[in-house]
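Fold and contact review
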Amino acid sequence: MTAEDPRLRPLSETERTVLAMERRSWPGPGAKERAIRERLGVSPVRYYQLLNALLDDESALAHDPVTVNRLRRVRAIRETRR
């Protein structure tokens, strides 16, 4: 699927922000959680629920394939360690 694929939907501003936050590196513990609350107004638990759903969304993959594929690999590794 490509970005021009009619089956893909545009991402919401919140979804784009979540992906942008995942592209960043964070200086230390607590900085990312603080940014989640300030920028999105949601708890870190809700943020990670949104992120997990985005990783399964083909529209998110089309929007930011590098980030989504990297996070899918990380998730797969974590799931095999359980």
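The structure under discussion appears in the preceding block.
Nothing here was measured: the structure is a model prediction, and the numbers come from that model. (Residues numbered from 1 in each chain as written. Predicted model: local features only at pLDDT ≥ 70, side-chain atom pairs only at ≥ 80, totals over all residues. Heavy atoms only, no water.)

1. Notes on helix α1 (residues 13–23)
Residues of α1 that are buried: Glu15, Val18, Leu19, Met21 and Glu22. Projected down its long axis, α1 shows its buried positions confined to an angular sector of 160 degrees, all on one face. Where α1 is buried, its residues meet α2 (31–40), α3 (44–55), α4 (58–63) and α5 (65–80). (Buried < 20%, exposed > 50% of the residue type's maximum accessible area, 1.4 Å probe, protein only. Helix = DSSP H or I, 4+ residues; strand = E, 2+ residues; numbered from the N terminus. Arc of directions from axis to C-beta. Contact = heavy atoms within 4.5 Å.)

2. Regarding the packing of α1 against α5
Relative to each other, α1 and α5 sit at 70 degrees, their axes nearing to 10 Å. In terms of axis orientation, α1 runs roughly perpendicular to α5. Contact residues: α1 offers Leu19, Glu22 and Arg23, while α5 offers Thr67, Val68, Arg70 and Leu71. Of the residues assigned to the contact of α1 with α5, the class counts are three nonpolar, one polar and three charged. (Axes fitted to C-alpha atoms, helices over the stretch in contact; angles between N-to-C directions. Parallel < 35°, antiparallel > 145°, perpendicular 65-115°, else oblique. Nonpolar A, V, L, I, M, F, W, Y, C, P; charged D, E, K, R; others polar.)

3. Regarding the packing of α1 against α3
Interhelical geometry of α1 versus α3 gives an angle of 95 degrees and a closest axis separation of 10 Å. The angle between α1 and α3 places the two elements in the roughly perpendicular class. In this structure, α1 contributes Thr14, Glu15, Val18, Leu19, Met21 and Glu22 to the contact, and α3 contributes Tyr47, Tyr48, Leu50, Leu51 and Leu54. Of the residues assigned to the contact of α1 with α3, the class counts are eight nonpolar, one polar and two charged.

4. Notes on the pattern of salt bridges
One side chain can pair with another of opposite charge once the charged atoms of both are near each other. Under the defined criterion, the tally for this structure stands at six salt bridges. Ionic pairing is found between aspartate 57 and arginine 9, a salt bridge with its closest N-O pair at 2.4 Å. Of the two residues, aspartate 57 sits in the loop between α3 and α4 while arginine 9 sits in the segment before α1, which places them 48 residues apart along the sequence. The partner of arginine 23 in a salt bridge is aspartate 64, with the nearest N and O atoms 2.4 Å apart. You can see arginine 23 sitting in helix α1 and its partner aspartate 64 sitting in the loop between α4 and α5, a full 41 residues away along the chain. Among the residues examined, arginine 23 registers a relative accessible area of 47% and is labelled partly exposed. For aspartate 64, a relative accessible area of 8% corresponds to the buried category. Through salt bridges that share partners, Arg9, Glu15 and Asp57 make up one connected network. (Salt bridge = Lys/Arg side-chain N within 4 Å of Asp/Glu carboxyl O.)

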